[in-house]
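Fold and contact review
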Protein chains: 4
Amino acid sequence: MSGQKKIKVVVLGATGTVGQRFILQLVDHPNFELAGLGASAASAGRLYHEAVAGRWKQAHPIPESVRNMTVNSCIPESFSSCDLAFSGLDSSVAGTVECAFRAANMCVFSNAKNYRMDPLCPLIVPLVNPSHLAILPHQQACMSPRLEHGFIVPNANCSTTGVVVVLKALEDAFGPLETVMMQTMQAISGAGYPGVSSLDILDNVVPYIRDEEEKMEAETGKILGGLKNNDTAFEMHETNPMKVSAQCNRVPVIDGHLACVSVKFKNQPAPSSDQAIKALRNFTCEAQKLGCHSAPKQAITVHDEPDRPQPRLDREWQNGAGVSVGRVRKCPVLDIKFVSLVNNVMLGAATSSVLNAEIALRKGYLQ
Amino acid sequence: MSGQKKIKVVVLGATGTVGQRFILQLVDHPNFELAGLGASAASAGRLYHEAVAGRWKQAHPIPESVRNMTVNSCIPESFSSCDLAFSGLDSSVAGTVECAFRAANMCVFSNAKNYRMDPLCPLIVPLVNPSHLAILPHQQACMSPRLEHGFIVPNANCSTTGVVVVLKALEDAFGPLETVMMQTMQAISGAGYPGVSSLDILDNVVPYIRDEEEKMEAETGKILGGLKNNDTAFEMHETNPMKVSAQCNRVPVIDGHLACVSVKFKNQPAPSSDQAIKALRNFTCEAQKLGCHSAPKQAITVHDEPDRPQPRLDREWQNGAGVSVGRVRKCPVLDIKFVSLVNNVMLGAATSSVLNAEIALRKGYLQ
Amino acid sequence: MSGQKKIKVVVLGATGTVGQRFILQLVDHPNFELAGLGASAASAGRLYHEAVAGRWKQAHPIPESVRNMTVNSCIPESFSSCDLAFSGLDSSVAGTVECAFRAANMCVFSNAKNYRMDPLCPLIVPLVNPSHLAILPHQQACMSPRLEHGFIVPNANCSTTGVVVVLKALEDAFGPLETVMMQTMQAISGAGYPGVSSLDILDNVVPYIRDEEEKMEAETGKILGGLKNNDTAFEMHETNPMKVSAQCNRVPVIDGHLACVSVKFKNQPAPSSDQAIKALRNFTCEAQKLGCHSAPKQAITVHDEPDRPQPRLDREWQNGAGVSVGRVRKCPVLDIKFVSLVNNVMLGAATSSVLNAEIALRKGYLQ
Amino acid sequence: MSGQKKIKVVVLGATGTVGQRFILQLVDHPNFELAGLGASAASAGRLYHEAVAGRWKQAHPIPESVRNMTVNSCIPESFSSCDLAFSGLDSSVAGTVECAFRAANMCVFSNAKNYRMDPLCPLIVPLVNPSHLAILPHQQACMSPRLEHGFIVPNANCSTTGVVVVLKALEDAFGPLETVMMQTMQAISGAGYPGVSSLDILDNVVPYIRDEEEKMEAETGKILGGLKNNDTAFEMHETNPMKVSAQCNRVPVIDGHLACVSVKFKNQPAPSSDQAIKALRNFTCEAQKLGCHSAPKQAITVHDEPDRPQPRLDREWQNGAGVSVGRVRKCPVLDIKFVSLVNNVMLGAATSSVLNAEIALRKGYLQ
């Protein structure tokens, strides 16, 4: 893609924790040029470093090129020079704002939950189902007036993302899954800032994250299923019904969602754990084949050590763009069980949106 | 039981973390008198407060009555005035030492793993299966020479304990379970002292505890099953085969093991979550009926709040002698899922041994 | 004091974290009867357990006798049957509310900062300067109209409290201090709930607590100084000028403020560390002599172990009503240095207010 | 230095946590080639990844070029092709081993404490006193037989390092310091692996680190003082006597030692805090001027925000090679107080040794 002119992009929700990650990923990006910053009315008109003062919680300082950019309100008119928006908006406002940007013919890649289960929006985990972008012409056609360029592409919930990459690799190799049981141990950064009170989580585990189990149970089928009706609807894995149960917990970990997963295959005999490990190691995804800038070299890293992956040790590997798996072994109840780790602030959030845009660019959806 | 003469007891492994808990529970106990302290050869002959210096990690100081007791080696001859031993020994020595104390006709209540799966030893969770004490005459008869008084009664692994109390209540109300899937988030105190390195667990989760999953999968059937062959063998839940799968994780929590559990009943239709909650709240155990000193008033506390139980908030309730349950709800894959919490250093360790001894006393096994 | 009729009291700010502690201390109190609960307008009219839902963060459930008490607005008229108010109010409202309760002739014992440096209000650490209650008649006389019963008695900032008890014991034994340097490591509970974001404090230290250093530097002189002008003004330690420097840090600890302190005495030669230790151990305070219900048996516990006191191990000792000290040793720059620990939610907050009221009762200020 | 042949180096103590950091810094180093790995007899003869199995605790995997290197015993004969040794040895063996490597004419750069206060060994913090290398000819001359190449250069204790860089900048600008008081909050990684038990530090602070205060108090004068007697002895800051008092605490932080420091200058009036801040920002060190590969771009980063530096947010800045300072302000007792942060595993350990070697190379001491 070198030599091409960069696409001008705006980050919506630029002062939030996801917005901050977008900014760090877009500085010096080969395809995108960070040209706008959108935030709430309270921040509009201020310099970025003033607007974000006291809330910049990254291990790297604010990039010099961004410090003195002016923040604007999240309305399309403020960013008429941009063609693409990355949204790290809170769900309380994302619905309306993203809709307005789409209507203004901008390509919106969103980390918000609002349009994930929308029947016109692909729910894309970049290592899993970029093929779902094929529904975008239909999304555009359904708008009134019909849109030439604009669309909304949400990425999945952070905890879903970490698991479906592994499930996809298993389905590719061994056919459809029939049952998935998963229990998560999720990092505090998943709740944003200020998010989880320290009094709630220090020396503690909270066995509940509002709506999280429902999201995981619903999103999994949409992501792993195909398209149907000439790419105008989602098949939702209904051809091969899949039962999914999730239990979600908050643990005192900064970054990195861990999941304990057990699965059962439709086709029996099920693969051995050795066969499963080999399939996971061999899994390559379209983002890699397309040469996307932010794609991991290895989509799934399988650990041999019995006590890995661990959030603190493995979350930064490949800049958090891949998934780590360990303890692949026989399950006495279902077929195979394993542990998976995703960096929730990278592949589980900003990296997914950016990768989705990189894929869309390479597949011609941004023109 | 008031008015009775107290039974003299020795704590084996008295300088370890479980031994320290035994000491705190036995000071001022109405049935037992702490009369001896056993520890390694390195500690023998020293005053307790000297032997334990730098390793006493309790929120309460060493009891005054214990500070200056002399520690002895773990041989029965050192404690000839005692009739009963509580063992907090490390498994590397517990096998031999406990066997010697039994041979010396002492009643051994042990927290070590060595005899848990022994075909002659009852594996007793005091809120679940004190009926298994009925195998003790057979255990004594099998010794050579036959023993009049001595026996070994191990209690279960701490993480097993927290779950089987709930499973027992469900089986009592709704018949045998067919499938149990459980994932634990276990406290660092479960690994003793110094145990888990802070570099391994701060801002981290370790998705592996050596041998723990195997213990949970094996112990569950023994505890929930009955006796057979005239109380000379364990039925192991084999009449109603039960599949059990466990995934165990270490989390940065001081005390309190949390488990996410899903179960399927043999008898269908399965109970609703409301029926299950009612059954758990109504569950009472033999330890309560016998009026045991250390028994909880409520065996199972069911929380209404969606985010409970939590280790830090709920582990001290009833001095850690009961089990807390929350989030009882329908499982999309099996029948019912829930979260349970056990205080691993109390009911999951010392409290179980002490309660087992209190039960044995009341049921006449200590004479 | 047994046999006396209990004084009816109201807790203001009853749903906050300090208010919750007041409630736990006042249930079954021999001198006080919890007769009213005051909170914000949003809570007024609701049952306590409803008003506090999701915010009760204690290891003990809400006391049965309090669950269904009705919460009222913080106006004196709501609590006309009460003679005394314990205030756990936020400083944003405490100034006005406490003033109104005083004007209504109620005795207000407050944990808020608003009146701490007021020239008419004694700033009382119950183990240090109950003699300052002598200014209360003057406070009442200055009100317009002159008050018969009402007054405000604030207790000190939690971190100040932990240090001044030790400084008082040293001054009592060795004369005035000339220099005090202190660096604190303060628990998250000091910031209330939700208070400190977990993203700010997990795997971290924040070397700043707004206004805290100023409070410590100002309060120390007022507390340790005497009264002057016939008990109508504070001497502020100005007869023996004392330089105080504080550096305050927030650390990932639930409860318990630790301070590293170095001091220099006016009178030289300064005491040896052994002499200082002896003086600390021998220190007894008026609250003990008066037989106050909540007074610790030992005001200052001096540890011999080189690595104590530690927040997690020592904060619960004596129900958090005393101060723990360790590492008393020579300072190469000043005279003596040491480490002190105070339970910030007990003696550092609710326990101080309650003890101040117990003292005031015994000294006749509540009539 | 490009174009020069790389110097072959060995890492001693290669399986420990400091050794692991040396390895990561030396892979692809422009001046040094990692040619040998030394460890205990138990590891000798094994491949590195086998020898370090279960103890590699870095966020990056073992470098591919190192995985299959063979580990040897820590005797000079095993590494005859190497000219330079980086020592991450434990102090229990470092004394003997480093002495043997020096006697074999190898240049030893050590993180161990053994030779820090040796009257022949410079104690070098690379951002502070590389001029002390001038004593090396004297060190070599005092050996028997006189050495042509071999020497030992220790770097300072991690907590000392973080403070003396700031003190050096202040002395350079405003003349000698008379008094230094410092209290540290030190990360668990400073104690190695397994090091601090999680039961000791979770929800806790330990106000004691064995020998640490003594090290800080002694090392400061040696580092900040000059050389005397024609570069054959250390002046120890005795020309301008300096009183130093340190209080050291262990906090639940992975990496990064924070210190609260107050200082008094000999020359009065002392600088204002603004003058001090300016001096710190302008400070440049010889390592920077020499163009050392591992030198930070900014030796001291002064933060404007009132709540910085913080270990988690600031320790990775400049790859941990600089020092962060904040809260520079007037001290009511001494002159100026501030907070400083050093990455104890980088500049506080391996980075110091590597930088010291880079400086020695550029100043001609490695030939």
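What counts, and where the lines are drawn
Residues numbered from 1 in each chain as written. Chains lettered and ligands numbered in written order. Predicted model: local features only at pLDDT ≥ 70, side-chain atom pairs only at ≥ 80, totals over all residues. Heavy atoms only, no water. UniProt positions renumbered as here; feature names shortened; annotations may be inferred. Helix = DSSP H or I, 4+ residues; strand = E, 2+ residues; numbered from the N terminus. Rg over C-alpha atoms; globule rule 2.2 N^0.38 Å. Buried < 20%, exposed > 50% of the residue type's maximum accessible area, 1.4 Å probe, protein only. Contact = heavy atoms within 4.5 Å. Lys, Arg positive; Asp, Glu negative; His and termini not counted. Charge placed at Lys NZ, Arg CZ, Asp CG, Glu CD. Buried area = accessible area lost by both parts, 1.4 Å probe. Salt bridge = Lys/Arg side-chain N within 4 Å of Asp/Glu carboxyl O. Nonpolar A, V, L, I, M, F, W, Y, C, P; charged D, E, K, R; others polar. Expected span 1.5 Å × (residues − 1). Bend = angle between axes of the 7 residues up to and from the residue. Least-squares fit on C-alpha atoms with pLDDT ≥ 70 in both. Pairing = 2+ DSSP bridges. Axes fitted to C-alpha atoms, helices over the stretch in contact; angles between N-to-C directions. Domains from an automatic or database assignment. Parallel < 35°, antiparallel > 145°, perpendicular 65-115°, else oblique. Left-handed = near helix turned anticlockwise from the far one by under 90°. Phe/Tyr/Trp six-rings, centres within 6.5 Å; stacked < 30°, edge-to-face > 60°. Lys NZ or Arg CZ within 6 Å of the ring centre and 35° of its normal.

Chain A is annotated in an unreviewed UniProt entry as Aspartate-semialdehyde dehydrogenase of Malassezia vespertilionis. For chain A, the Sequence similarities (unreviewed entry) comment in UniProt is given as "Belongs to the aspartate-semialdehyde dehydrogenase family."

Of regular secondary structure, chain A possesses 12 helices and 14 strands. Its C-alpha radius of gyration of 20 Å places chain A within 12% of the 21 Å reference for a compact globule of 367 residues. With respect to the three principal axes, the spread of C-alpha positions in chain A is 60 × 50 × 40 Å. Taken over 367 residues, chain A has a buried fraction of 63%. Once local pairs closer than 6 in sequence are excluded, the contacts in chain A between residues at least 24 apart make up 75%. Distance from the positive charge centre (34 side chains) to the negative charge centre (34 side chains) of chain A: 2 Å.

Summarizing the sequence annotation, UniProt attributes the feature "domain: Semialdehyde dehydrogenase NAD-binding" (unreviewed entry) to residues 8-136 of chain A in the numbering used throughout. Between the first and last C-alpha atoms of residues 8-136 of chain A the distance is 21 Å; the span itself is 25% helix and 18% strand.

Quick look at the interface of chain C and chain B now. Each partner contributes residues to the interface: chain C has 11 residues there, and chain B has 11 residues. Summed over both partners, the interface of chain C with chain B comes to about 1200 Å²; 60% of that surface belongs to carbon and sulfur atoms. In terms of surface lost to chain B, no three residues of chain C exceed C:Ala59, C:Arg312 and C:Leu313, which account for 36% of the buried area on that side. The interface formed by chain C and chain B includes 0 salt bridges. The class makeup of the residues in the side of chain C that touches chain B is 6 nonpolar, 1 polar and 4 charged.

Listed by partner, the interface residues are 49 residues for chain A and 49 residues for chain B. Taken together, the two surfaces of chain A and chain B that pack against each other cover about 3700 Å², and 55% of this comes from carbon and sulfur. Among the residues of chain A in contact with chain B, A:Asp203, A:Gln247 and A:Val333 are the three that bury the most area, contributing 17% of the side total. Connecting chain A to chain B are 8 salt bridges. Of all the elements in the fold, those that place two or more residues in the side of chain A that touches chain B are strand E7 (177-186), helix H7 (198-201), helix H8 (212-224), strand E10 (243-250), strand E11 (257-265), helix H11 (311-314), strand E13 (323-330) and strand E14 (336-342) of chain A.

This part is about helix H6 (residues 158-174) of chain A. Residues and elements named next belong to chain A. Taking 1.5 Å of rise per residue, the 17 residues of H6 would be expected to cover 24 Å, and the 25 Å separating its terminal C-alpha atoms lies within 8% of that figure. Maximal helix bending in H6 amounts to about 25°, located at Val164. Just beyond H6, the residue with positive phi is Gly175, at close to 85°.

The next thing to look at is the relation of the copies chain A and chain B. For the pair chain A and chain B, the relating rotation is 180°, the translation along its axis is 0.0 Å, and the fit reaches an RMSD of 0.0 Å. One copy is carried onto the other by what is essentially a two-fold rotation axis. The overlap is high: 100% of the interface residues of chain A also sit at the interface in chain B, so the same surface is used on both sides.

This paragraph deals with the relation of the copies chain C and chain B. Superposing chain C onto chain B takes a rotation of 180° combined with a translation of 0.0 Å along the rotation axis, leaving an RMSD of 0.0 Å. Comparing interface residues between copies, 100% of those in chain C also lie at the interface in chain B; the contact surface is shared.

Turning to the sheet that holds strand E4 (residues 84-87) of chain B, a few remarks are in order. Residues and elements named next belong to chain B. What the 6 strands build is an open sheet, ordered E3-E2-E1-E4-E5-E6; its pairing is parallel. Sheet topology places strand E3 (71-73) and strand E6 (151-154) at the edges, where each strand pairs with a single neighbour. The sheet shows a mean angle of 30° between the axes of neighbouring strands, direction not considered. The sheet contact formed by strand E1 (residues 7-12) and E4 spans 4 bridges and is parallel. Looking at the pairing, Val10 lines up with Ala85 of E4.

Residues and elements named next belong to chain A. Mapped onto the present numbering, the UniProt feature "active site" (unreviewed entry) falls at Cys158 and His257. Taking the farthest pair of C-alpha atoms as the criterion, the annotated set spanning 100 residues converges on one region, since that pair is 7.8 Å apart. In this fold, Cys158 is placed in helix H6. Aside from chain neighbours lying at most four places away, what touches Cys158 is Glu212, His257, Val342, Asn344 and Gly348.

Right, let's talk about the domain arrangement of chain A for a bit. Residues and elements named next belong to chain A. Assigned domains of chain A: these are domain 1 (7-156 + 350-362) and domain 2 (158-344). Between the C-alpha centres of domain 1 and domain 2 the distance comes to 24 Å. Between domain 1 and domain 2, a total of about 2800 Å² is buried, with carbon and sulfur atoms accounting for 66% of that surface. For the domain 1 face of the interface with domain 2, the top three residues by lost area are Leu127, Val128 and His132, together amounting to 24%. At the boundary of domain 1 and domain 2, one finds 2 salt bridges. With its nearest N and O atoms 3.4 Å apart, the salt bridge here joins Arg116 to Glu219.

What follows is about the packing of H6(A) against helix H9 (residues 273-282) of chain A. All names here are of chain A. Where H6 meets H9, the closest approach of the two axes is 9 Å, and the angle between their N-to-C directions is 110°. Between H6 and H9, the interaxial angle falls into the category roughly perpendicular. Here H6 and H9 pass one another in a crossing that is right-handed. Every residue of H9 that contacts H6 at Val166, Ala169, Leu170, Ala173 and Phe174 is listed here: Gln275, Ala276, Ala279 and Leu280. For the contact of H6 with H9, the class distribution of residues is 8 nonpolar, 1 polar and no charged.

Turning next to the packing of aromatic side chains. The full count for this structure, using the stated rule, is 28 aromatic pairs over all chains. Ring plane angle 40° and centroid distance 6.1 Å describe the contact between A:Phe86 and A:Phe109, whose orientation is recorded as tilted. With A:Phe86 in strand E4 (residues 84-87) and A:Phe109 in strand E5 (residues 107-110), this pair connects stretches of sequence that are 23 residues apart. The two residues A:Phe86 and A:Phe109 agree in class, both being buried. Aromatic ring contacts, followed pair by pair, group A:Phe22, A:Phe32, A:Phe86, A:Phe109 and A:Phe151 into a single cluster. Its end group placed over the ring of B:Tyr115, B:Arg102 keeps NZ or CZ at 5.7 Å from the ring centre. B:Lys222 extends its terminal NZ or CZ atom over the ring of B:Phe234, reaching a point 4.4 Å from the ring centre.

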